[in-house]
Each structure stands twice: as C-alpha cells, then as structure tokens.
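What follows is each chain in one-letter form.
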Amino acid sequence: MAKSVRMADIAAKLGISIVSVSKGLAGKDGVSEEMRAKILATAQEMGYIPPAPKSAELARSENIGILVADRFFDENQFYSALYRAVLNRCTTLGYSCLLELVGEEAEAGCIMPTLLTQKKVDGLIFMGEISRRYLCTAITYGLPFLLLDFYDETISADSVLSDNTSGAYMMTEHLLNTGRTKIGFVGSIGATSSIMDRYLGYCKALLTHGLEPNPAWRLEDRDASGRFIPLALPREMPQAFVCNNDETAFNLVETLRRAGYEVPRDVAVTGYDDFRWSTLCRPPLTTYRVDVETMGATAVDQLRRKLLGKTPLAPTSVIPGAFVRREST
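As a starting point, this report considers the structure included with it. (Residues numbered from 1 in each chain as written. Predicted model: local features only at pLDDT ≥ 70, side-chain atom pairs only at ≥ 80, totals over all residues. Heavy atoms only, no water.)

Quick notes on the sheet that holds strand 6 (residues 183-186)
Part 1: Taken in spatial order, the four strands of this open sheet run 7-6-8-9, and their pairing is parallel. Every interior strand has two partners, whereas the edge strands, strand 7 (218-219) and strand 9 (268-270), have only one.
Part 2: Set on the sheet, helix 11 (residues 193-208) makes contact with strand 6, strand 7 and strand 8 (240-243); between it and strand 6 the angle comes to about 175°. (Pairing = 2+ DSSP bridges. Helix = DSSP H or I, 4+ residues; strand = E, 2+ residues; numbered from the N terminus. Contact = heavy atoms within 4.5 Å. Axes fitted to C-alpha atoms, helices over the stretch in contact; angles between N-to-C directions.)

The structure is reproduced here in structure tokens:
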C-alpha cells in the first residue's frame, strides 16, 4: 500500500517549513503568491490528499476566555484549583483556555480585556464574583457566557455553584449536635453571593432549632474591595463560629489564640472549601469540601452546549460537597 503524502514531505521537497505549506494549502496569509503556486503544484504532483473534514461538532476548536478578579486569584488556592479543573476539561474537549486577571482599576473603570476587544475567544466563563457594572459591560459583546462560583439575581445567566446553603447548614448543624447553641458567623455577607448563601444556611440551621442569629456574633472578614481585614472579636464570645471559608477560619483561630482562647475547648471553629488552610491550621479545621473538579467540568460542559447552539441541561447547577470533621470542633 502506497504511503500517504504528508505536508512534511511537501515541505522537505521545497525546503520550507511545514507551517508555510499549511498556509499555502489553506490560502492563508504568510506566504507569497509565487510560493503558494509552488506549494499547490508540488502537492498535486506528489499526490497529496487533504484530510477529510470532521463533523461540525468535532471540528470545533473554540477558545474559552476566563475572567477572574485579581483579588480572588491572588494567592487563593481555591480559585487556582478551580481554574485547573476548567483547564483540564477544556483540554479533554480540545478547547483552548485564555485566563485574564481583572485588576481593581480595570474592574472599577469597566476596562475590557484584550481577549474581548480583540475577539480572541468564542465564549466566556466569569470565575468568582465581579462587579455587576463590569459584568453587564462584558456581556454586551454578545458571546455565550457562564458564571462560575457565583450568580447575580438581576442578570439572566447560567451559573455553576457549590451547594453553599446546604454546606453551611451542615456545618452549623454539626456544632449544634455537639451541644453548642451560641454560634456566630464570620464573613462579609455583602461581598459575594456565595458568602450570603452560606450565611443563610447558618441562619436556617439556627432557626430550625429555635435559635435566633445574634448580630453581635456576625464578624466582617473583608473590606469593600474584597480584601481580607483583621478580625475583631465580639465583647461577649459565643461557643463556636461558622466561617465562610478556610482562610478566614485559619485567621480566626490565630486571632483567638492571641486573645488567650483555646480551640476547640473555649471556642470551636469550622471552615469551608477544604483547601490548604484547613490542614495548615492548628488544630486542623472541620470543614466542607467543595468538589472543584466537578464544578469546573460542569461549567465547561454547560458553556460547550451554548457554543453548539444547544440549551444547557440546567440554568443553575448546584454541586454538592462533603463534610470533613477534624479537631477544631
């Protein structure tokens, strides 16, 4: 059986690169008309047969843009892991991934990234909360998009989320089952939809047991720009705190230790996410493990359906996690 002729064979005969042969055969810029004619003539002479076109779905090779506020990605293991999960799924599907960090000035001024202004991507994933004004400006470019790890009730958009309400409910319920009834919450509830939902899960668990959330025991953990701030302990301490993430829980344990409290003997602490801070903490944190791999893969699959002109299987996908008990409670 005769060996099929490859572009590499044509390139070798003409003494040019395979890239030049590819451009010449495809009619793309980058080679002169004289060279293009030589490439086509040599290909015909050698019996080159171009590969058969793939089906419409298989032939797609979209570029997926990921936009994330720099304040979330800066030394944040959760979003690094979430990005890796998105990238892994894109690689499996043959999609390219372009990540752009949105700085504070760009977010405040609604300065759009080059991947949008220069039309480098076919679809967008907004990863982590970003200002509504910035989001609304970005979606005017008309690309299929999806929100990952947050939602906005004023914008019609598909979202992929951790099961935030149920996770925080589970953490609070666990503390209640240990006999603790005075429980606080640590997290700035206006910062992200995820923190708000975790707070609602905490409140639901207390109310289910006939307990009222105490406003004095809700501690702020970040400023208006979303950056972490030192924690201020209440004058009257509760028996336990539910924290909106592991890093905040780690910071709380350190703050309690400096104030002379022992965890969990004096005050119990739970986290959320089950990332680096949960095991670095001393004692290690009881937490709620977020399934970032499934979140990332689901987001890409949902966006893929939109790129193919199909309706997403579910506008909002809520991914369950798992309870992880350690020594902090």
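Re the pattern of salt bridges
Part 1: Taken as a whole and assessed by the stated rule, the structure comprises 16 salt bridges.
Part 2: In this structure, the salt-bridge partner of arginine 218 is glutamate 220, at a minimum N-O distance of 3.2 Å.
Part 3: When its relative accessible area of 39% is taken as the criterion, glutamate 220 is described as partly exposed.
Part 4: The salt bridge involving aspartate 266 is made with arginine 265; its shortest N-O contact spans 3.2 Å.
Part 5: A relative accessible area of 31% means that aspartate 266 is categorised as partly exposed.
Part 6: A relative accessible area of 60% means that arginine 265 is categorised as exposed. (Salt bridge = Lys/Arg side-chain N within 4 Å of Asp/Glu carboxyl O. Buried < 20%, exposed > 50% of the residue type's maximum accessible area, 1.4 Å probe, protein only.)

Let's talk about the side chain of serine 159
Part 1: Within the secondary structure, serine 159 is located in strand 5 (residues 159-162).
Part 2: Apart from the residues within four sequence positions on either side, serine 159 is in contact with Leu147, Phe150, Tyr151, Pro315, Thr316 and Ser317.

What about the sheet that holds strand 11 (residues 316-319)?
Part 1: The strand order 2-1-3-4-5-11 describes an open sheet built from six strands, whose pairing is parallel. Unpaired on one side and paired on the other, strand 2 (96-102) and strand 11 mark the two borders of the sheet. On average, each strand axis in the sheet is tilted by 20° relative to the strand beside it, whichever way the strands run.
Part 2: Bridge count for strand 3 (residues 123-127) against strand 4 (residues 145-148) is four bridges, and the pairing is parallel. Across the sheet, leucine 124 pairs through a bridge with phenylalanine 145, a residue of strand 4.

Some details on the packing of aromatic side chains
Two descriptors summarise a pair of aromatic rings, namely the distance from one centre to the other and the angle between the planes of the rings.
Part 1: Inspection of the entire model under this criterion finds nine aromatic pairs.
Part 2: For the ring pair phenylalanine 185 and tyrosine 199, a centre distance of 5.2 Å and an interplane angle of 70° mean the geometry is edge-to-face. Taken together, the residues span a long stretch of sequence, with phenylalanine 185 in strand 6 and tyrosine 199 in helix 11 at a distance of 14 residues. No difference in accessibility class separates phenylalanine 185 from tyrosine 199, as the two residues are buried.
Part 3: Here the aromatic rings of tyrosine 199 and tyrosine 202 are separated by 5.7 Å at their centres, their planes lie at 35°, and the arrangement is tilted. With a gap of three residues between them, tyrosine 199 and tyrosine 202 both fall in helix 11, about one helical turn apart.
Part 4: Overall, tyrosine 199 belongs to the buried group, its relative accessible area being 16%.
Part 5: Connected via pairs of aromatic rings, a cluster forms that spans Phe72, Phe78, Tyr79 and Phe275.
Part 6: Against the face of tyrosine 169 rests lysine 204, its NZ or CZ located 5.7 Å from the ring centre.
Part 7: If you follow arginine 276 out to its NZ or CZ, it ends over the ring of tryptophan 277, 5.0 Å from the centre. (Phe/Tyr/Trp six-rings, centres within 6.5 Å; stacked < 30°, edge-to-face > 60°. Lys NZ or Arg CZ within 6 Å of the ring centre and 35° of its normal.)

Thoughts on helix 9 (residues 132-139)
Part 1: Listed in full, the buried residues belonging to helix 9 are Tyr134, Leu135 and Ala138. All buried residues of helix 9 lie within an arc of 100° about the axis, which places them on one face of the element.
Part 2: For helix 9, the elements touching its buried residues are strand 1 (63-69), strand 2, helix 7 (104-109), helix 8 (114-117), strand 3 and strand 4. (Arc of directions from axis to C-beta.)

A closer look at the side chain of arginine 198
Part 1: Of note, arginine 198 is situated in helix 11.
Part 2: Those residues in contact with arginine 198, other than ones at most four positions away along the chain, are Asn164, Ala168, Phe185, Asn244, Asn245, Tyr272 and Asp273.

Points about the environment of glutamate 153
Part 1: With respect to the secondary-structure elements, glutamate 153 resides in the loop between strand 4 and strand 5.
Part 2: Taking C-alpha positions, glutamate 153 is 27 Å from glutamate 247, a pair spaced 94 residues apart along the chain.

A closer look at the nonpolar core
Part 1: Grouped together as the largest cluster of nonpolar side chains are 46 residues, with contacts concentrated most on Leu82, Val86, Ile125, Met127, Leu148, Ile183 and Tyr202.
Part 2: For this core, the element with the highest residue contribution is helix 6 (residues 77-93), accounting for seven residues.
Part 3: Here leucine 148 is in contact with Leu82, Val86, Ile125, Phe126, Met127, Gly128, Val160, Met295 and Ala299, once residues within four sequence places are set aside. (Core = buried A, V, L, I, M, F, W, Y, C linked by side-chain atoms within 4.5 Å.)

Brief notes about the pairing of strand 6
Part 1: Side-chain alternation along strand 6 places Ile183 and Phe185 on one buried face and Gly184 and Val186 on a second face that is also buried.
Part 2: Sheet topology places strand 6 next to strand 8; four bridges connect them, and they run parallel. Following the sheet pairing, valine 186 is matched in strand 8 by cysteine 243.
Part 3: When strand 6 meets strand 7, the two strands line up parallel, connected through two bridges.

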